[in-house]
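Tertiary structure, described
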Amino acid sequence: MLIRGALKKVLYPLLSRCVLIPKSYRIIFCFHDISEPDATQHSALYSTRPAQFKAQIAFLRSQFEFVPLGDLMFAADRGSRLAAITFDDGFLSDKDVAMPILQAAGIPFSIFLNQTAIERNYIKYDLFNAIDRRYESKKFLDRDDVIAMDRKGVAIGSHTQNHRALSSCDDASLEREIRGNKQFLEDLLGHPVLDLALPYGKREHYDQRAITTALSAGHRFIYSTNPGLLSASRREPLELPIPRISILNEDPETLRFYINRPMFRRIEL
(Lines give C-alpha, C1' and ligand atoms only; values in the text may rest on other atoms or scores of the structure.)
Protein backbone atom coordinates (compact mmCIF):
# COMPACT_ATOMS: atom_id res chain seq x y z
CA MET A 1 0.00 0.00 0.00
CA LEU A 2 2.85 2.40 0.84
CA ILE A 3 4.61 1.54 -2.41
CA ARG A 4 1.41 2.11 -4.41
CA GLY A 5 0.88 5.47 -2.73
CA ALA A 6 4.45 6.51 -3.47
CA LEU A 7 4.11 5.48 -7.11
CA LYS A 8 0.92 7.46 -7.49
CA LYS A 9 2.56 10.50 -5.93
CA VAL A 10 5.39 10.28 -8.46
CA LEU A 11 3.30 9.39 -11.51
CA TYR A 12 0.29 11.66 -11.01
CA PRO A 13 2.07 14.89 -12.08
CA LEU A 14 3.42 13.13 -15.16
CA LEU A 15 0.14 11.48 -16.17
CA SER A 16 -1.97 14.59 -15.58
CA ARG A 17 0.16 16.99 -17.60
CA CYS A 18 -0.99 15.94 -21.08
CA VAL A 19 -2.69 13.06 -22.88
CA LEU A 20 0.03 10.50 -23.49
CA ILE A 21 -1.79 7.51 -24.96
CA PRO A 22 -0.83 6.75 -28.59
CA LYS A 23 -3.15 7.93 -31.33
CA SER A 24 -3.86 4.33 -32.29
CA TYR A 25 -5.78 3.83 -29.05
CA ARG A 26 -9.52 4.17 -28.51
CA ILE A 27 -11.35 4.94 -25.30
CA ILE A 28 -14.96 4.81 -24.08
CA PHE A 29 -16.25 7.29 -21.51
CA CYS A 30 -19.19 6.57 -19.21
CA PHE A 31 -21.49 9.16 -17.63
CA HIS A 32 -24.75 8.82 -15.72
CA ASP A 33 -26.86 11.76 -14.50
CA ILE A 34 -26.09 15.37 -15.52
CA SER A 35 -27.70 17.60 -12.90
CA GLU A 36 -27.23 20.42 -10.43
CA PRO A 37 -26.49 19.47 -6.80
CA ASP A 38 -29.97 20.57 -5.68
CA ALA A 39 -31.71 18.17 -8.10
CA THR A 40 -33.66 15.43 -6.32
CA GLN A 41 -31.82 12.61 -8.08
CA HIS A 42 -28.34 14.16 -7.80
CA SER A 43 -25.77 11.97 -6.07
CA ALA A 44 -22.03 12.19 -5.58
CA LEU A 45 -21.92 8.54 -6.65
CA TYR A 46 -23.06 9.11 -10.22
CA SER A 47 -23.95 12.75 -11.03
CA THR A 48 -22.01 15.38 -12.98
CA ARG A 49 -22.79 19.09 -12.77
CA PRO A 50 -23.94 20.52 -16.14
CA ALA A 51 -21.29 23.24 -16.30
CA GLN A 52 -18.59 20.69 -15.53
CA PHE A 53 -19.97 18.30 -18.14
CA LYS A 54 -19.86 21.04 -20.77
CA ALA A 55 -16.25 21.84 -19.84
CA GLN A 56 -15.31 18.15 -19.90
CA ILE A 57 -16.79 17.68 -23.36
CA ALA A 58 -14.91 20.73 -24.64
CA PHE A 59 -11.65 19.33 -23.26
CA LEU A 60 -12.25 15.79 -24.54
CA ARG A 61 -13.20 17.09 -27.96
CA SER A 62 -9.82 18.80 -28.16
CA GLN A 63 -8.09 15.47 -27.57
CA PHE A 64 -10.29 12.90 -29.35
CA GLU A 65 -12.32 12.31 -32.47
CA PHE A 66 -15.72 11.07 -31.31
CA VAL A 67 -17.48 8.31 -33.24
CA PRO A 68 -20.57 6.16 -32.58
CA LEU A 69 -19.87 3.40 -30.09
CA GLY A 70 -20.56 0.69 -32.65
CA ASP A 71 -18.01 2.20 -35.06
CA LEU A 72 -15.31 2.39 -32.42
CA MET A 73 -14.60 -1.35 -32.60
CA PHE A 74 -14.22 -1.48 -36.37
CA ALA A 75 -12.89 1.91 -37.49
CA ALA A 76 -9.57 1.85 -39.30
CA ASP A 77 -6.66 3.80 -37.87
CA ARG A 78 -7.36 7.45 -38.70
CA GLY A 79 -4.22 8.92 -37.21
CA SER A 80 -6.25 10.35 -34.34
CA ARG A 81 -7.40 9.09 -30.96
CA LEU A 82 -10.96 7.82 -31.27
CA ALA A 83 -13.47 7.89 -28.42
CA ALA A 84 -17.13 7.24 -27.70
CA ILE A 85 -19.55 8.65 -25.12
CA THR A 86 -21.97 6.44 -23.19
CA PHE A 87 -24.57 6.97 -20.46
CA ASP A 88 -25.88 4.37 -18.03
CA ASP A 89 -29.28 4.19 -16.27
CA GLY A 90 -31.27 6.50 -18.54
CA PHE A 91 -31.76 9.63 -16.48
CA LEU A 92 -34.04 12.26 -18.04
CA SER A 93 -31.16 14.72 -17.73
CA ASP A 94 -29.31 12.78 -20.42
CA LYS A 95 -31.95 13.93 -22.91
CA ASP A 96 -32.71 17.36 -21.48
CA VAL A 97 -29.21 18.50 -20.48
CA ALA A 98 -26.49 16.30 -22.02
CA MET A 99 -28.05 15.71 -25.43
CA PRO A 100 -28.18 19.40 -26.51
CA ILE A 101 -24.54 19.88 -25.45
CA LEU A 102 -23.41 16.83 -27.40
CA GLN A 103 -25.50 17.66 -30.45
CA ALA A 104 -24.07 21.18 -30.54
CA ALA A 105 -20.58 19.65 -30.50
CA GLY A 106 -21.50 17.07 -33.16
CA ILE A 107 -20.80 14.15 -30.81
CA PRO A 108 -22.83 10.92 -31.08
CA PHE A 109 -23.58 8.91 -27.95
CA SER A 110 -25.10 5.69 -26.64
CA ILE A 111 -27.35 5.11 -23.66
CA PHE A 112 -27.88 1.90 -21.68
CA LEU A 113 -31.34 1.46 -20.18
CA ASN A 114 -33.24 -0.48 -17.51
CA GLN A 115 -36.87 -1.54 -17.87
CA THR A 116 -37.70 -0.62 -14.27
CA ALA A 117 -36.46 2.94 -14.72
CA ILE A 118 -38.43 3.38 -17.93
CA GLU A 119 -41.68 1.93 -16.61
CA ARG A 120 -41.57 2.91 -12.93
CA ASN A 121 -39.36 6.04 -12.81
CA TYR A 122 -37.22 4.19 -10.29
CA ILE A 123 -34.00 2.25 -9.84
CA LYS A 124 -33.18 0.49 -6.61
CA TYR A 125 -29.39 0.38 -6.50
CA ASP A 126 -28.92 -2.87 -4.58
CA LEU A 127 -25.31 -2.01 -3.69
CA PHE A 128 -26.10 1.52 -2.51
CA ASN A 129 -28.53 1.30 0.40
CA ALA A 130 -28.58 5.06 0.73
CA ILE A 131 -30.05 5.40 -2.77
CA ASP A 132 -33.56 3.97 -2.69
CA ARG A 133 -35.77 6.87 -3.58
CA ARG A 134 -39.21 7.17 -5.13
CA TYR A 135 -39.48 10.34 -7.17
CA GLU A 136 -42.61 12.46 -7.27
CA SER A 137 -41.55 13.98 -10.59
CA LYS A 138 -40.13 12.31 -13.67
CA LYS A 139 -36.40 11.61 -13.38
CA PHE A 140 -35.86 8.79 -15.89
CA LEU A 141 -36.57 8.46 -19.59
CA ASP A 142 -39.96 6.94 -20.32
CA ARG A 143 -41.09 4.87 -23.32
CA ASP A 144 -41.80 7.91 -25.51
CA ASP A 145 -38.42 9.47 -24.69
CA VAL A 146 -36.56 6.28 -25.58
CA ILE A 147 -38.39 5.88 -28.88
CA ALA A 148 -37.76 9.54 -29.78
CA MET A 149 -34.05 9.33 -28.95
CA ASP A 150 -33.72 6.11 -30.93
CA ARG A 151 -35.29 7.79 -33.96
CA LYS A 152 -32.86 10.70 -33.60
CA GLY A 153 -29.92 8.33 -33.90
CA VAL A 154 -29.02 7.77 -30.26
CA ALA A 155 -27.77 4.19 -29.90
CA ILE A 156 -29.81 2.25 -27.34
CA GLY A 157 -28.28 -0.56 -25.29
CA SER A 158 -29.39 -2.73 -22.39
CA HIS A 159 -28.42 -2.23 -18.75
CA THR A 160 -30.48 -5.15 -17.33
CA GLN A 161 -34.02 -5.10 -16.02
CA ASN A 162 -33.47 -3.91 -12.44
CA HIS A 163 -29.81 -2.80 -12.24
CA ARG A 164 -28.81 -5.68 -9.97
CA ALA A 165 -25.22 -6.74 -9.39
CA LEU A 166 -25.23 -9.79 -11.64
CA SER A 167 -22.69 -11.72 -9.58
CA SER A 168 -25.34 -11.96 -6.84
CA CYS A 169 -28.09 -13.30 -9.14
CA ASP A 170 -29.08 -16.93 -9.44
CA ASP A 171 -29.41 -18.42 -12.92
CA ALA A 172 -33.14 -17.69 -13.25
CA SER A 173 -32.62 -14.07 -12.17
CA LEU A 174 -29.78 -13.67 -14.66
CA GLU A 175 -32.12 -14.70 -17.44
CA ARG A 176 -34.74 -12.17 -16.38
CA GLU A 177 -32.24 -9.36 -15.90
CA ILE A 178 -30.38 -9.88 -19.16
CA ARG A 179 -32.67 -11.62 -21.64
CA GLY A 180 -35.83 -10.01 -20.24
CA ASN A 181 -34.50 -6.46 -20.55
CA LYS A 182 -33.16 -7.07 -24.05
CA GLN A 183 -36.55 -8.36 -25.16
CA PHE A 184 -38.35 -5.42 -23.54
CA LEU A 185 -36.19 -2.88 -25.39
CA GLU A 186 -36.47 -4.73 -28.70
CA ASP A 187 -40.25 -4.87 -28.39
CA LEU A 188 -40.30 -1.16 -27.58
CA LEU A 189 -38.01 -0.09 -30.45
CA GLY A 190 -38.82 -2.69 -33.08
CA HIS A 191 -35.21 -3.59 -33.82
CA PRO A 192 -32.39 -5.63 -32.23
CA VAL A 193 -30.61 -4.29 -29.15
CA LEU A 194 -27.17 -5.84 -29.30
CA ASP A 195 -25.08 -4.16 -26.60
CA LEU A 196 -25.12 -4.61 -22.82
CA ALA A 197 -23.52 -2.49 -20.10
CA LEU A 198 -23.05 -4.43 -16.87
CA PRO A 199 -24.61 -2.73 -13.80
CA TYR A 200 -21.94 -1.15 -11.57
CA GLY A 201 -19.46 -2.76 -13.95
CA LYS A 202 -16.46 -3.62 -11.80
CA ARG A 203 -14.99 -7.14 -11.73
CA GLU A 204 -16.70 -8.02 -8.46
CA HIS A 205 -20.11 -7.10 -9.88
CA TYR A 206 -20.32 -9.77 -12.61
CA ASP A 207 -19.03 -13.28 -13.26
CA GLN A 208 -18.58 -15.65 -16.20
CA ARG A 209 -22.19 -16.79 -15.86
CA ALA A 210 -23.32 -13.25 -16.64
CA ILE A 211 -21.04 -13.01 -19.69
CA THR A 212 -22.19 -16.41 -20.97
CA THR A 213 -25.87 -15.53 -20.45
CA ALA A 214 -25.44 -12.19 -22.23
CA LEU A 215 -23.78 -13.81 -25.23
CA SER A 216 -26.36 -16.59 -25.44
CA ALA A 217 -29.12 -13.95 -25.35
CA GLY A 218 -27.64 -12.41 -28.50
CA HIS A 219 -25.58 -9.51 -27.21
CA ARG A 220 -22.72 -8.47 -29.46
CA PHE A 221 -20.62 -6.34 -27.11
CA ILE A 222 -20.59 -6.25 -23.30
CA TYR A 223 -19.19 -3.26 -21.42
CA SER A 224 -17.75 -2.88 -17.92
CA THR A 225 -16.54 0.16 -15.98
CA ASN A 226 -13.09 -1.33 -15.51
CA PRO A 227 -10.83 1.45 -16.83
CA GLY A 228 -8.88 0.48 -19.92
CA LEU A 229 -7.97 1.25 -23.52
CA LEU A 230 -8.65 -0.38 -26.87
CA SER A 231 -5.98 -0.64 -29.55
CA ALA A 232 -6.71 -0.36 -33.27
CA SER A 233 -3.71 -2.57 -33.96
CA ARG A 234 -4.77 -5.45 -31.72
CA ARG A 235 -4.46 -8.89 -33.28
CA GLU A 236 -5.94 -10.97 -30.49
CA PRO A 237 -9.73 -11.50 -30.18
CA LEU A 238 -11.58 -8.70 -28.39
CA GLU A 239 -11.78 -9.52 -24.69
CA LEU A 240 -15.16 -9.13 -23.02
CA PRO A 241 -16.29 -7.14 -21.18
CA ILE A 242 -14.95 -4.03 -22.92
CA PRO A 243 -13.47 -1.37 -20.60
CA ARG A 244 -14.88 2.11 -20.06
CA ILE A 245 -13.72 5.05 -17.99
CA SER A 246 -16.35 6.54 -15.66
CA ILE A 247 -16.47 10.31 -15.26
CA LEU A 248 -18.07 12.44 -12.56
CA ASN A 249 -16.90 16.02 -11.88
CA GLU A 250 -13.20 15.71 -12.73
CA ASP A 251 -11.29 18.71 -14.03
CA PRO A 252 -9.04 18.40 -17.14
CA GLU A 253 -5.98 17.59 -15.05
CA THR A 254 -7.69 14.63 -13.41
CA LEU A 255 -9.23 13.55 -16.72
CA ARG A 256 -5.77 13.40 -18.26
CA PHE A 257 -4.66 11.19 -15.38
CA TYR A 258 -7.67 8.89 -15.84
CA ILE A 259 -7.03 8.64 -19.58
CA ASN A 260 -3.33 7.84 -19.17
CA ARG A 261 -3.64 5.59 -16.12
CA PRO A 262 -4.63 2.40 -18.01
CA MET A 263 -1.17 2.37 -19.61
CA PHE A 264 0.00 1.34 -16.12
CA ARG A 265 -2.80 -1.18 -15.58
CA ARG A 266 -0.51 -3.57 -13.69
CA ILE A 267 -0.22 -0.89 -11.01
CA GLU A 268 -3.37 0.17 -9.13
CA LEU A 269 -3.02 3.95 -9.23
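First, a word on scope: everything that follows refers to the structure included in this document. (Residues numbered from 1 in each chain as written. Predicted model: local features only at pLDDT ≥ 70, side-chain atom pairs only at ≥ 80, totals over all residues. Heavy atoms only, no water.)

**Concerning the overall build of the protein**
Each helix and strand counted, the protein has nine helices and 11 strands in total. For 269 residues, the compact-globule estimate of 2.2 N^0.38 gives 18 Å, and the C-alpha radius of gyration of the protein, at 18 Å, lies within 12% of that figure. Expressed as a percentage of the 269 residues in the protein, the buried residues total 53%. Long-range contacts, defined here as pairs at least 24 residues apart, represent 71% of the contacts in the protein between residues at least 6 apart. As displayed, the protein has an accessible area near 12,700 Å², and 51% of this comes from carbon and sulfur atoms. Computing the positive centroid from 36 side-chain charges and the negative centroid from 33, the protein places the two 6 Å apart. (Helix = DSSP H or I, 4+ residues; strand = E, 2+ residues; numbered from the N terminus. Rg over C-alpha atoms; globule rule 2.2 N^0.38 Å. Buried < 20%, exposed > 50% of the residue type's maximum accessible area, 1.4 Å probe, protein only. Contact = heavy atoms within 4.5 Å. Areas by Shrake-Rupley, 256 points an atom, 1.4 Å probe, with all protein chains shown as cover. Lys, Arg positive; Asp, Glu negative; His and termini not counted. Charge placed at Lys NZ, Arg CZ, Asp CG, Glu CD.)

**Topic: a nonpolar patch on the surface**
A cluster of nonpolar side chains, L14, L20 and M263, forms an exposed patch at the surface whose accessible area comes to about 230 Å². Within the element layout of this structure, L14 appears in helix α1 (residues 2-15). (Patch = residues over 30% accessible without salt bridge, like charges linked within 9 Å, V, L, I, M, F, W, Y side chains within 5 Å. Salt bridge = Lys/Arg side-chain N within 4 Å of Asp/Glu carboxyl O.)

**So, the pattern of salt bridges**
Applying the stated rule across the entire model yields 11 salt bridges. One salt bridge connects R244 with D88, and the closest N-O pair in it is separated by 2.8 Å. Linking R244 in the loop between β10 (230-231) and β11 (245-246) with D88 in strand β5 (residues 82-88), this pair joins segments that are 156 residues apart in sequence. R244 gets classed as buried once you look at its relative accessible area, which sits at 0%.

**Focus: the nonpolar core**
Core analysis: the biggest nonpolar cluster contains 41 residues, and F29, F53, L60, F64, I85, F87 and I259 have the highest contact counts within it. If one sorts the elements of this core by residue count, helix α4 (residues 92-105) sits on top with six residues. Apart from the residues lying within four places of it in its own chain, the contact partners of F87 are F31, H32, I34, F53, D94, A98, L102, F109, S110, I111 and F112. Ranked by size, the runner-up nonpolar core spans 14 residues in total, among them I28, L72, A84 and Y223. (Core = buried A, V, L, I, M, F, W, Y, C linked by side-chain atoms within 4.5 Å.)

**A short note on the side chain of T48**
Along the chain, T48 turns up in strand β3 (residues 47-48). Looking at T48, its side chain comes within polar contact range of the main-chain oxygen of L248, at 2.8 Å. Discounting residues that sit within four places of it in the chain, T48 has contacts with F31, D33, I34, S35, F53, Q56, I247, L248 and N249. (Polar contact = N/O pair within 3.5 Å; in protein donor to acceptor, adjacent residues only side chain to side chain.)

**Digging into the packing of aromatic side chains**
All chains considered together, the criterion is met by 15 aromatic pairs. Judged by centre distance (6.2 Å) and plane angle (55°), the ring pair of Y135 and F140 falls under tilted. For the pair Y135 and F140, a shared accessibility class is recorded, and that class is buried. Each residue in the set Y46, F91, Y125, Y135 and F140 is aromatic and connected to the rest through ring pairs, giving one cluster. (Phe/Tyr/Trp six-rings, centres within 6.5 Å; stacked < 30°, edge-to-face > 60°.)

**Focus: the pairing of β5**
Burial analysis of β5 places seven of its seven residues in the buried class, the great majority of the element. Taking every second residue as pointing to the same face, both faces of β5 are buried, with L82, A84, T86 and D88 on one and A83, I85 and F87 on the other. One ladder, built from six bridges, connects strand β1 (residues 25-31) with β5; its direction is parallel. Bridged to I27 within β5 is A83. Alignment of strand β4 (residues 65-66) against β5, held across two bridges, turns out to be parallel. Each residue of the ladder has a partner; that of E65, found in β5, is L82. In this sheet, strand β6 (residues 109-113) lies alongside β5 in parallel orientation, the contact comprising four bridges. Bridge assignment links F87 to a residue of β6, and that residue is I111. Crossover handedness for the path β5 to α4 to β6: right-handed. (Pairing = 2+ DSSP bridges. Right-handed = clockwise from strand over helix to strand, strands pointing away.)

Function-wise, these values are silent; they only describe arrangement.
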